[in-house]
Amino acid sequence: MRVYIIGAGPGDPKLITVRGAELIARCPVVLYTGSLVPKEVVASAREGAKVLDSAGMTLDEILAVIVEARDAEHDVARVHTGDPAIFGSTAEQMRRMQELGIEYEIIPGVSSFSAAAAALGKELTLPELSQTVILTRAEGRTPMPDAEKLEELARHRATLCLFLSITLMKDVVEALIPSYGGDCPVAVVHKASCPGQQIVQGTLADIREKVKDAGIRTQSMILVGHVLTSTDFANSRLYDPEFSHRFRKAAKTPKDATP
Ligand SMILES: C[S@@+](CC[C@H](N)C(=O)[O-])C[C@H]1O[C@@H](n2cnc3c(N)ncnc32)[C@H](O)[C@@H]1O
């Protein structure tokens, strides 16, 4: 018996991995986070499978379902939104499973930050502009470690992806403007990859008002950084004809040709 912790992807049922979908179709017990995982993702559960929404459950209740499945020798598809490794509250479940000697395996998924970048048609890392992506959140009811306060992270001026922060736009903007500047581009992607997808773009100076006007208050990714609007970024080395790498030799330059 094994618990498969499966990343369902950002919402579009076609963005789950083949392996994740196969396991959902095979496991006799399917436990999914119904707050964000759409029903279509678990609709392929096999006939007679026990399909339960964990949105209203406590950790103990989730573990009770898993223990009952273990006793019946039934595999469990534990389906989480996006990628289970990012703000998934999966670690506490895995810790309890380890204590109980229950085997588990993680099947990764497409995170909502990737889906948001895709919706915008953007790359989050650009040569010489930003080579770092910070995945984080604003401080809400969950306290942030001191070294990870937004003001601190902002000093890097890296590309930022903010989860769980759409209702905290005032704090976000106030924390970021001193380092990024009010003219720094921001994009808010609501329900990336889902039918109700909405995109709001602006700057740190005006995004709060724009998000308010759009009435967006849930399920959104906030992306911050100059990569969102830059067009004059340098080309990467990867396709540079004068740059050799493991898969391609550089063309001979006149200098190389000198005896
Ligand atoms: C509990 S976290 C789960 C993140 C998830 N594990 C992932 O990798 O995307 C929920 C937050 O993820 C973001 N999120 C999840 N699905 C989203 C989507 N389809 N579009 C935009 N943001 C999304 C929102 O910031 C939301 O508040």
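Parameters at a glance
- Residues numbered from 1 in each chain as written.
- Predicted model: local features only at pLDDT ≥ 70, side-chain atom pairs only at ≥ 80, totals over all residues.
- Heavy atoms only, no water.
- Near = heavy atom within 4 Å.
- Polar contact = N/O pair within 3.5 Å; in protein donor to acceptor, adjacent residues only side chain to side chain.
- 1 Å grid on protein atoms, 1.4 Å probe; cavity = no way out; pocket = protein on both sides within 12 Å on 5 of 7 lines; lining within 4 Å.
- Sits in = over half its atoms within 2 Å of the grid points.
- Nonpolar A, V, L, I, M, F, W, Y, C, P; charged D, E, K, R; others polar.
- Domains from an automatic or database assignment.
- Contact = heavy atoms within 4.5 Å.
- Buried area = accessible area lost by both parts, 1.4 Å probe.
- Salt bridge = Lys/Arg side-chain N within 4 Å of Asp/Glu carboxyl O.
- Axes fitted to C-alpha atoms, helices over the stretch in contact; angles between N-to-C directions.
- Helix = DSSP H or I, 4+ residues; strand = E, 2+ residues; numbered from the N terminus.
- Parallel < 35°, antiparallel > 145°, perpendicular 65-115°, else oblique.
- Left-handed = near helix turned anticlockwise from the far one by under 90°.
- Core = buried A, V, L, I, M, F, W, Y, C linked by side-chain atoms within 4.5 Å.
- Buried < 20%, exposed > 50% of the residue type's maximum accessible area, 1.4 Å probe, protein only.
- Phe/Tyr/Trp six-rings, centres within 6.5 Å; stacked < 30°, edge-to-face > 60°.
- Pairing = 2+ DSSP bridges.

Comments concerning the site of the ligand
The full set close to the ligand counts 17 residues, and Ile86, Ser111, Ser112, Ala192 and Ser220 are the nearest of them. Asp83 is positioned such that a nitrogen or oxygen atom in its backbone is 2.9 Å from a nitrogen atom of the ligand. A distance of 3.0 Å separates an oxygen atom of the ligand from a polar backbone atom of Leu164. Given that more than half its atoms are within 2 Å of the pocket grid, the ligand belongs to the largest pocket. Per-class residue counts for the shell around the ligand are nine nonpolar, six polar and two charged. Looking at which domains feed residues into the shell around the ligand, each of domain 1 (3-107) and domain 2 (112-228) gives three or more.

Topic: the domain arrangement of the chain
Domains assigned within the chain are domain 1 (3-107) and domain 2 (112-228). Its C-alpha centre places domain 1 at a distance of 29 Å from the equivalent point of domain 2. Across the contact, seven residues belong to domain 1 and 11 residues belong to domain 2. Interface area for domain 1 against domain 2, summed over the two sides, is near 670 Å², with a carbon-plus-sulfur share of 76%. Taken as a group, Pro10, Ile86 and Phe87 account for 68% of the area that domain 1 buries against domain 2, more than any other trio of residues on that side. Connecting domain 1 to domain 2 are zero salt bridges. Here the side of domain 1 that touches domain 2 is composed, by residue class, of five nonpolar, one polar and one charged.

Considering the packing of helix α3 (residues 59-71) against helix α4 (residues 91-100)
It is the contact of α3 with α4, at a shortest axis distance of 11 Å, that shows an interaxial angle of 45°. Relative to α4, the element α3 lies oblique. Where α3 crosses over α4, the two elements pack in a sense that is right-handed. Contact residues: α3 offers Leu59, Asp60, Ile62, Leu63, Ile66, Val67 and Arg70, while α4 offers Glu92, Gln93, Arg96, Met97 and Leu100. For the contact of α3 with α4, the class distribution of residues is seven nonpolar, one polar and four charged.

Points about the side chain of Ser130
One can find Ser130 in the loop between α5 (112-120) and β6 (133-137). For Ser130, the side chain forms a polar contact with the side chain of Thr159, separated by 3.0 Å.

Remarks on the nonpolar core
Ranked by internal contacts, the top residues of the largest apolar core, which has 26 residues, are Leu176 and Val224. At six residues, helix α7 (residues 169-180) tops the list of elements feeding residues into this core. Excluding its chain neighbours within four sequence positions, the residues that come into contact with Leu176 are Leu150, Ala154, Leu160, Leu162, Gly181, Leu204 and Val224. In this structure, Tyr4, Ile6, Ala8 and Val30 belong to the second largest nonpolar core, which totals 17 residues.

Observations regarding the packing of aromatic side chains
Between two aromatic rings, the relevant description is the distance of the centres plus the angle of the planes. Across all of its chains, the model carries one aromatic pair by this definition. Judged by centre distance (5.2 Å) and plane angle (55°), the ring pair of Phe87 and Phe163 falls under tilted. Here Phe87, found in the loop between β4 (76-80) and α4, pairs with Phe163, found in strand β7 (residues 159-163); they are 76 residues apart in sequence, far enough to count as distant.

Things to note about the pairing of strand β2 (residues 29-32)
Looking along a regular strand, one sees the side chains alternate between the two faces of the sheet. Neither face of β2 is exposed, since Val29 and Leu31 on one face and Val30 and Tyr32 on the opposite face are all buried. Where β2 lies against β4, four bridges are found, and the strand directions are parallel. Residue pairing across strands places Val30 opposite Ala77, the latter belonging to β4.

Remarks on the pattern of salt bridges
Enumeration over the complete set of coordinates arrives at 12 salt bridges. One salt bridge in this structure joins Arg19 and Glu105, with 2.6 Å as the shortest N-O distance. Of this pair, Arg19 sits in helix α1 (residues 18-26) while Glu105 is found in strand β5 (residues 104-107), placing the two residues 86 residues apart along the sequence. By relative accessible area, which is 39% here, Arg19 ends up partly exposed. Glu68 is paired through a salt bridge with Lys50; the nearest N and O atoms lie 2.9 Å apart. Note that Glu68 is positioned in helix α3 and Lys50 in strand β3 (residues 50-53), a separation of 18 residues in sequence. Here the salt bridges do not stand alone but share partners, grouping Arg2, Arg19, Glu103 and Glu105 into one network.

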